[in-house]
Amino acid sequence: MERTFLAIKPDGVQRGLVSEIIGRFEKKGFTLVGLKLLHPSRELAEQHYDVHRERPFFAGLVEFITSGPVVAMVWEGEGVIASARKLIGATNPLNAEPGTIRGDLGINIGRNIIHGSDAPETAQKEVALWFKDEELVNWKPEVTPWLHE
């Protein structure tokens, strides 16, 4: 099964959207295998956004993600990376389709509620960055045969 990394950013946590966001992925049929609430360090934030290091908005990304608590998650399921990106919606909430997390709940590009890995390689890197192996739970919900088999 494919895994992806998702993080509810400080704006989503502060606005009390954690349960709604988790619920959307549960209702879709994905399995939560890692979950933690943390206040990311500057070092973790810089590693996470390293791909953007040379861009003018890098400092702002780091500043925002370290401004408050984040809910870091690992989800598992068939096609979970692509499906999560569709559930999340466009990076800029003003361009995100209604029905997506950002389309329904986002305010602007600087406060877009959630991060999701964009490719298998990125997901693998981000999961390893945010979670130790022993923090992930391998389990199979009883409903799995109804969804995937």
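Up top you'll find the structure we're talking about.
Since the model is a prediction, treat every value here as computed from it, not as a measurement. Note on numbering: residues in each chain are counted from 1, in written sequence order. The model is predicted, so local features are restricted to residues of pLDDT at least 70 and side-chain atom pairs to those at 80 or more, both for listing and for counting; the totals for chains, interfaces and linings are taken over all residues. Note that the side-chain values use all heavy atoms of the structure and ignore hydrogens as well as water.

Focus: the overall build of the protein
- For the protein, the count of helices and strands is 8 helices and 4 strands.
- Secondary structure elements follow DSSP: runs of H or I of four or more residues count as helices, runs of E of two or more count as strands, with numbering from the N terminus. Reading the secondary structure of the protein in the N-to-C direction produces β-α-α-β-α-α-β-α-α-β-α-α.
- Taken over the C-alpha trace, the protein has a radius of gyration of 15 Å; the compact-globule value for 149 residues is 15 Å, and the two agree within 12%.
- Each of the three principal axes of the protein carries a C-alpha extent, and together these read 45 × 35 × 25 Å.
- In this scheme, a residue with accessible area under 20% of its type's maximum is buried, one over 50% is exposed, and one in between is partly exposed, where area comes from a 1.4 Å probe on protein chains only. Here the protein holds 149 residues, and the buried ones make up 46% of them.
- Any two residues whose heavy atoms approach within 4.5 Å are treated as being in contact. Partitioning the intrachain contacts of the protein with sequence separation of at least 6 by distance along the chain shows that 77% fall at a separation of at least 24. Note that the radius of gyration is over C-alpha atoms, with the globule rule given as 2.2 Å times the number of residues to the power 0.38.

Some words on the sheet that holds strand S2 (residues 31–38)
- A pair of strands is labelled paired if DSSP reports no fewer than 2 bridges between them. One open sheet holds the 4 strands; their spatial order is S2-S3-S1-S4, and the pairing between them is antiparallel. Two strands lie at the open edges of the sheet, namely S2 and strand S4 (114–116), each paired on one side alone. On average, adjacent strands in this sheet sit at an angle of 15° to one another, irrespective of strand direction.
- One ladder, built from 3 bridges, connects strand S1 (residues 2–8) with S4; its direction is antiparallel. Note on S4: the bridge partner recorded for Ile8 is Ile114.
- Fitted lines through C-alpha atoms give the axes, limited to the stretch in contact for helices. The angle between two N-to-C directions lies from 0 to 180 degrees. The sheet contacts of helix H2 (residues 18–28) involve S1, S2, strand S3 (70–77) and S4, and relative to S3 the element is tilted by about 5°.
- Set on the sheet, helix H5 (residues 80–88) makes contact with S1, S3 and S4; between it and S1 the angle comes to about 30°.

Brief notes about the layout of surface pockets
- The method works on a 1 Å grid over the protein atoms by themselves. A cavity is a set of points holding a 1.4 Å probe that cannot get out, a pocket is an open set with protein on both sides within 12 Å along at least five of seven lines, and residues with an atom within 4 Å of a point line them. Grid points are joined across faces, edges and corners, and a volume is the space filled by probe spheres set on the points. For the largest pocket, the calculated volume is near 640 Å³.
- The wall of the largest pocket is formed by 24 residues, among which Lys9, Tyr49, His52, Leu61 and Thr91 lie closest to the centre.
- Of all the secondary structure elements, the ones that give two or more residues to the lining of the largest pocket are helix H4 (58–65), S4 and helix H7 (120–130).
- Looking at the lining of the largest pocket, the element that brings in the most residues is H4, giving 4 residues.
- Under the scheme applied, nonpolar residues are Ala, Val, Leu, Ile, Met, Phe, Trp, Tyr, Cys and Pro; charged residues are Asp, Glu, Lys and Arg; polar residues are all the others, including Gly. For the lining of the largest pocket, the per-class residue count stands at 8 nonpolar, 9 polar and 7 charged.

Focus: H7
- Buried within H7 are the following residues: Ala123, Glu126, Val127 and Trp130. An end-on view of H7 places all buried positions within 100° of arc, on one side of the element. In H7, the exposed residues that point more than 90 degrees away from the buried face are Glu121, Gln124 and Ala128.
- On the buried face of H7, the contacting elements are S1, S2, helix H3 (42–48), S3, H5 and S4. Along the arc lie the directions from the helix axis toward the C-beta atoms.

What about the pairing of S3?
- With respect to burial, S3 is a largely interior element, 8 of its 8 residues being buried.
- By the alternation rule, side chains of S3 split into Val70, Ala72, Val74 and Glu76 and Val71, Met73, Trp75 and Gly77, which are all buried.
- Bridge analysis of S2 against S3 gives 7 bridges, and the strand direction is antiparallel. Its bridge partner being in S3, Leu32 is matched across the sheet by Trp75.

Here we look at the pattern of salt bridges
- We define a salt bridge as a side-chain nitrogen of Lys or Arg found within 4 Å of a carboxyl oxygen belonging to Asp or Glu. Enumeration according to the criterion identifies 7 salt bridges in this entry.
- A salt bridge links Glu76 to Arg3; the nearest nitrogen and oxygen atoms lie 2.9 Å apart. Within this pair, whereas Glu76 is found in strand S3, its partner Arg3 is found in strand S1, the two being separated by 73 residues in sequence.
- Given a relative accessible area of 15%, Glu76 falls into the buried group.
- By relative accessible area, Arg3 is classed as partly exposed at 24%.

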